[in-house]
Amino acid sequence: MAAIRRGVSALGTLVMLTAGCSASGPAQEARPSSSACASTVTRDAMPTWARTGFSGDGSGVPHVFSEHGDIIAVLFNYPPVASSDPDVTNKILWVSRLPQQPMRPLTIGAVLHGTTTSVVREIASGAGPSSVNLPKAGCWYLTLNWSGHSDAITLRFI
């Protein structure tokens with residue numbers, strides 16, 4: 001019986017220590033692991049809400065769904081090329097499933113995985129056609145904010 005009490009006491013102490021450790025410190029921002037660097041680029045049919053302007057169902061056009069599925073990135077330049085040269089452009093069509101407010105910008109906060117490199121890009125007209133350039137090759141985690149909505153996409157730039 002004494003052994004059981006000691007075991008229960010030790011378990012209780014371990015739980016309290018673990019809870020204390022997990023509760024301390026700031027929460028870490030979600031970032032992609034190296035094994036999950038690139039979001040899945042698909043050439044399947046686009047969802048019905050994203051097909052405007054495409055012939056048929058949009059099959060064959062590379063696109064990536066955001067983490068919550070509220071926006072997709074249609075990649076007309078696939079794979080996207082990293083460059084700080086303004087003449088190198090990556091045409092990306094951002095298609096929002098959610099309603100948009102006219103003339104509210106799409107703000108993109110991009111962080112290069114495994115580094116402190118980050119940039120902010122703004123598409124003044126909101127979700128829609130854009131040219132997005134990022135300065136270095138690698139896995140970029142993009143936080144997207146538009147018309148009161150937010151989501152994220154991970155893209156590999158070469």
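It should be emphasised that the depicted structure is a prediction, and the values quoted were computed from it without experimental measurement.

### Observations regarding the overall build of the chain
Move 1: Counting its secondary structure elements, the chain contains 1 helix and 9 strands.
Move 2: When the helices and strands of the chain are listed from N to C terminus, the series reads α-β-β-β-β-β-β-β-β-β.
Move 3: Evaluated residue by residue, the chain yields a buried proportion of 38% over its 158 residues.
Move 4: Considering only residue pairs separated by 6 or more positions, the chain has 51% of its internal contacts joining residues 24 or more positions apart.
Move 5: Carbon and sulfur atoms form 58% of the exposed surface of the chain, whose accessible area is close to 9,100 Å².

### Digging into the nonpolar core
Move 1: Among the nonpolar cores identified, the biggest contains 24 residues, and Trp94, Ile108, Leu134, Trp140, Leu142 and Leu144 are the most heavily contacted of them.
Move 2: Elements with a minimum of two residues in this core: β3 (71–75), β4 (91–96), β5 (106–112), β6 (118–123), β8 (138–146) and β9 (149–157).
Move 3: Apart from the residues within four sequence positions on either side, leucine 144 is in contact with Ile71, Trp94, Leu106, Thr107, Ile108, His149, Ser150, Asp151, Ala152 and Ile153.
Move 4: Formed by 8 residues, the second largest nonpolar core is a distinct cluster that contains Ala50, Ile72, Val74 and Leu93.

### Considering the confidence of the model for the chain
Move 1: For the chain, the mean per-residue pLDDT works out to 82, and 77% of the residues sit at or above 70.
Move 2: Counting contacts from residues 1–35, a segment whose pLDDT is below 50, to residues more than four positions away or on other chains yields 11 contacts.

### What about the pairing of β9?
Move 1: Here 9 bridges tie β8 to β9, and the two strands are oriented antiparallel to one another. Bridge assignment links tryptophan 140 to a residue of β9, and that residue is leucine 155.
Move 2: Once β8 ends, the chain turns through 2 residues before running back antiparallel as β9, passing serine 147 with a positive phi of about 45°.

### Focus: the side chain of threonine 42
Move 1: Position of threonine 42 among the secondary structure elements: in strand β1 (residues 41–42).
Move 2: The class of threonine 42 is buried, set by a relative accessible area of 15%.
Move 3: Engagement of the side chain of threonine 42 in a polar contact is seen with the backbone nitrogen of aspartate 44, the distance being 3.0 Å.
Move 4: Beyond its immediate sequence surroundings of up to four residues, threonine 42 is in contact with Val61, Pro62, His63 and Phe65.

### So, the side chain of serine 147
Move 1: In this structure, serine 147 sits in the loop between β8 and β9.
Move 2: Relative accessible area serves as the criterion here: at 5%, serine 147 is assigned to the buried category.
Move 3: Here the side chain of serine 147 touches glutamine 101 through a polar contact of 2.9 Å, landing on its backbone nitrogen.
Move 4: Every residue in contact with serine 147, bar those within four places of it in the chain, is listed here: Pro99, Gln100, Gln101, Arg104 and Pro105.

### What to know about the pairing of β5
Move 1: With 5 of 7 residues buried, β5 lies mostly within the body of the structure.
Move 2: Connecting β5 to the antiparallel partner β6 that follows it, the hairpin turn spans 5 residues, and glycine 114 within it adopts a positive phi of roughly 80°.
Move 3: Here β5 runs beside β8; their pairing, made up of 7 bridges, is antiparallel. In the sheet register, glycine 109 faces β8, and the bridge partner there is threonine 143.

Cut-offs applied
Residues numbered from 1 in each chain as written. Predicted model: local features only at pLDDT ≥ 70, side-chain atom pairs only at ≥ 80, totals over all residues. Heavy atoms only, no water. Helix = DSSP H or I, 4+ residues; strand = E, 2+ residues; numbered from the N terminus. Buried < 20%, exposed > 50% of the residue type's maximum accessible area, 1.4 Å probe, protein only. Contact = heavy atoms within 4.5 Å. Areas by Shrake-Rupley, 256 points an atom, 1.4 Å probe, with all protein chains shown as cover. Core = buried A, V, L, I, M, F, W, Y, C linked by side-chain atoms within 4.5 Å. pLDDT = per-residue confidence, 0-100. Pairing = 2+ DSSP bridges. Polar contact = N/O pair within 3.5 Å; in protein donor to acceptor, adjacent residues only side chain to side chain.

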